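# Coordinates in review
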Amino acid sequence: ALVFAQHQLDDDVERVGFLQDVLAPRLLDVRMYDKPRPEDFFGAAQWAAMAKVQGTKVRGNWCNPGNIQVLMNHSKLGEYLRSSGMLERYELFVFTRSDLLHVLPFPSTADMLAVLGPLDVITQAG
């Protein structure tokens, strides 16, 4: 397990500490990073251009504050996975949120690898 968390709220360190305790036997690493600001992440000019479409009704529009935060977090996670060498060491990654309740266990690694190709991604809706 890897805990890769954004630091934004006053109790984030406490929450990550709880995850460290629960996941200790399987924990590979814990990383916390400050919540990025879109204008710093993308550059002020690019963010201004992106922000112009935030209020539009474009289907699939990812240019809103919540979705932009998800994109920035995924980018930071991708940088970490590349720089840590984890992409070379592991065949399968399951990304989830600490506030998401899983009512069914995940399929085994063998089962997932039997049906997924090397570039496949499964995601939840909503």
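You'll find the structure just up there.
In what follows, the accompanying structure is described.

Conventions adopted
Throughout, residues of each chain are indexed from 1 in the direction in which the sequence is written. Local features are withheld for residues below a pLDDT of 70 in this predicted model, meaning they are given only at 70 or higher, and side-chain atom pairs are given and counted only at 80 or more; totals for whole chains, interfaces and linings count all residues. The side-chain numbers reported here are obtained from all heavy atoms of the structure, hydrogens and water having been left aside. Every patch collects residues that have over 30% relative accessible area and no salt bridge, joining them within 9 Å if they carry like charges and within 5 Å if they are nonpolar side chains (Val, Leu, Ile, Met, Phe, Trp, Tyr). Accessible areas in this description were obtained via Shrake-Rupley with a 1.4 Å probe; residue shielding takes into account the shown protein chains only. Each salt bridge in this description consists of a side-chain nitrogen of Lys or Arg and a carboxyl oxygen of Asp or Glu lying within 4 Å of one another. Secondary structure counts use DSSP, requiring at least four H or I residues in a row for a helix and at least two E residues in a row for a strand, with both numbered from the N terminus. Aromatic contacts are taken between Phe, Tyr and Trp rings whose centres are within 6.5 Å, Trp giving its six-membered ring; a plane angle under 30 degrees counts as stacked, one over 60 as edge-to-face, and the others as tilted. Three exposure classes are used, based on accessible area relative to the maximum for each residue type with a 1.4 Å probe and protein chains only: buried under 20%, partly exposed in between, and exposed over 50%.

## Topic: a nonpolar patch on the surface
Side chains of L101, V103 and L104 sit close together on the surface and give an oily, nonpolar patch of about 390 Å² of accessible area. Within the fold, L104 resides in the loop between helix 5 (86-89) and helix 6 (109-115).

## A look at the packing of aromatic side chains
Each pair of aromatic rings is reported with the distance of its centres and the angle of its planes. Within this structure, the stated rule accounts for six aromatic pairs. Centroid distance F42 to W47: 6.4 Å. Interplanar angle 15°. Geometry classified as stacked. Under the relative-accessibility criterion, F42 is labelled partly exposed at 28%. By relative accessible area, which is 14% here, W47 ends up buried. Judged by centre distance (6.3 Å) and plane angle (70°), the ring pair of Y90 and F93 falls under edge-to-face. Here F93 falls in the partly exposed class, since its relative accessible area comes to 28%. Each member of the aromatic cluster is reached from another via a ring pair, and the members are F4, Y33 and Y80.

## Considerations on the pattern of salt bridges
Under the definition given, this model contains four salt bridges. Across the pair D11 and R15 runs a salt bridge whose closest N-O atoms are separated by 3.2 Å. With relative accessibility at 30%, the residue D11 sits in the partly exposed group. For R15, a relative accessible area of 45% puts it in the partly exposed group. A salt bridge links R37 to D40, with the nearest nitrogen and oxygen atoms 2.8 Å apart. According to the relative accessible area criterion, R37 is partly exposed, its value standing at 46%. The exposed category is assigned to D40, whose relative accessible area is 55%. Here the residues in one salt-bridge network are R37, E39 and D40, joined through shared partners.

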